[in-house]
Amino acid sequence: MGTIIAVTNQKGGVGKTTTAVNLSACVAAKGKKVLIVDLDPQGNTTSSFGISKKSVEHGTYHLIIGKSDAQQATVSTEYKVDVIPSNIQLSGATIELIEMEKRENRLRQGLASVVDKYDYIFIDCPPALDLLTLNGLCAADTVLVPIQCEFFALEGLSELMNTVRNVKKMYNRYIELEGVLLTMYDGRLNLTLQVVQEVKKFFGDKVFQTTIPRNVRLAEAPSYGMPVNYYDRSSRGTKAYNDLAAELLKNHEK
């Protein structure tokens, strides 16, 4: 059975989608069978794999509402990663979900038919603690939290961890913290080192050893509709996400 990892942080601009896209592509490049679910109505994960948001006929919205099954909603890409895409339609799901029974489990139920077909399923959650994110957390085995190395890094993090604890208590007793990932890392700055110290004080060995640097290639790759390891194989961004993929796989082998 595949491991389902929710990539989440309710703060925007922390490298959440960048991490979901590039980590999934690097894990797939190491020979694992990978699916990524775009659970964000902005659809940035979808376009980062070269899929047109306008062309989505079956996607996360249809899966959650029950109009499509996971196989129908899945798009194969040339980057060895299968994608369940999304677009702005998904924002309407939050309202429709309110009326549904077991509304927090819709994604989990939708993925049940394909979870055995993949080694890893990554879920790119929206930057909010809403019903869509709740669905992501209820479907997941683990949570990966990207944090930017900036002054307000820890702001809102306790709220997120409280949500994860509540989900564990009420809906999904198996969910665990996969790890905390430091993004936009610049070792020359004192502020970066202070943030790293604070994060390690809170999370200890749950902080990934790999850090993600600020890198122009990481910022450019989505506009070309490809993960960074295909856009520029020799970039610092590619090396960082390859290292993260190796670290994640090593942790799971343990």
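Overview of the structure.

The rules behind each value
Residues numbered from 1 in each chain as written. Predicted model: local features only at pLDDT ≥ 70, side-chain atom pairs only at ≥ 80, totals over all residues. Heavy atoms only, no water. Helix = DSSP H or I, 4+ residues; strand = E, 2+ residues; numbered from the N terminus. Buried < 20%, exposed > 50% of the residue type's maximum accessible area, 1.4 Å probe, protein only. Phe/Tyr/Trp six-rings, centres within 6.5 Å; stacked < 30°, edge-to-face > 60°. Lys NZ or Arg CZ within 6 Å of the ring centre and 35° of its normal. Core = buried A, V, L, I, M, F, W, Y, C linked by side-chain atoms within 4.5 Å. Contact = heavy atoms within 4.5 Å. Pairing = 2+ DSSP bridges. Right-handed = clockwise from strand over helix to strand, strands pointing away.

**Details of the side chain of Asn87**
Part 1: On the secondary structure map, Asn87 appears in the loop between strand E4 (81-84) and helix H5 (93-98).
Part 2: Owing to a relative accessible area of 12%, Asn87 belongs among the buried residues under this scheme.

**Considerations on the packing of aromatic side chains**
Part 1: In the structure shown here, the tally under the stated rule is four aromatic pairs.
Part 2: Considering the side-chain rings of Phe49 and Tyr79, the 6.3 Å spacing of their centres and the 50° angle between planes classify their relative orientation as tilted. Here Phe49, found in the loop between helix H2 (44-48) and helix H3 (60-65), pairs with Tyr79, found in the loop between strand E3 (75-76) and E4; they are 30 residues apart in sequence, far enough to count as distant.
Part 3: The class of Phe49 is buried, set by a relative accessible area of 3%.
Part 4: Given a relative accessible area of 6%, Tyr79 falls into the buried group.
Part 5: On the numbers, 4.9 Å between centres and 65° between planes, the contact of Tyr79 with Tyr230 is edge-to-face. Here the residue Tyr79 occupies a position in the loop between E3 and E4, and Tyr230 occupies one in helix H11 (residues 228-231), the gap between them amounting to 151 residues.
Part 6: The rings of Phe49, Tyr79 and Tyr230 are connected pair by pair, giving a single aromatic cluster.
Part 7: Above the ring of Tyr230, the side-chain terminus of Arg233 is found at 5.2 Å from the ring centroid.

**Examining the nonpolar core**
Part 1: Judged by nonpolar contacts, the single largest core of 49 residues is most densely connected at Leu107, Leu111 and Ile123.
Part 2: Counting residues per element, this core draws most heavily on helix H7 (residues 131-139), which supplies six residues.
Part 3: Ignoring anything within four residues of it in the chain, the contact list for Ile123 reads Ile4, Ile5, Ala6, Val7, Val37, Leu39, Leu107, Leu111, Gly136 and Ala139.
Part 4: Ranked by size, the runner-up nonpolar core spans 31 residues in total, among them Ile5, Tyr120, Leu144 and Ile212.

**With respect to unusual backbone geometry**
Part 1: Non-glycine residue Lys102 carries a positive phi angle of around 45°.
Part 2: Along the polypeptide, Lys102 turns up in the loop between H5 and helix H6 (106-111).
Part 3: Judged by its relative accessible area of 57%, Lys102 is exposed.

**Observations regarding the side chain of Thr183**
Part 1: The topology assignment puts Thr183 in strand E7 (residues 176-185).
Part 2: Ignoring any residue separated from it by four or fewer positions in sequence, one finds Thr183 in contact with Val14, Thr19, Pro146, Ile147, Gln148, Cys149 and Ile212.

**Examining the pairing of strand E8 (residues 207-213)**
Part 1: Among the seven residues in E8, five count as buried, and that is most of the element.
Part 2: Pairing of E7 with E8 involves three bridges; the strand directions are parallel. Looking at E8, one finds that Leu182 is bridged to Thr211.
Part 3: With helix H9 (residues 190-203) bridging E7 and the parallel E8, this β-α-β connection has right-handed handedness.

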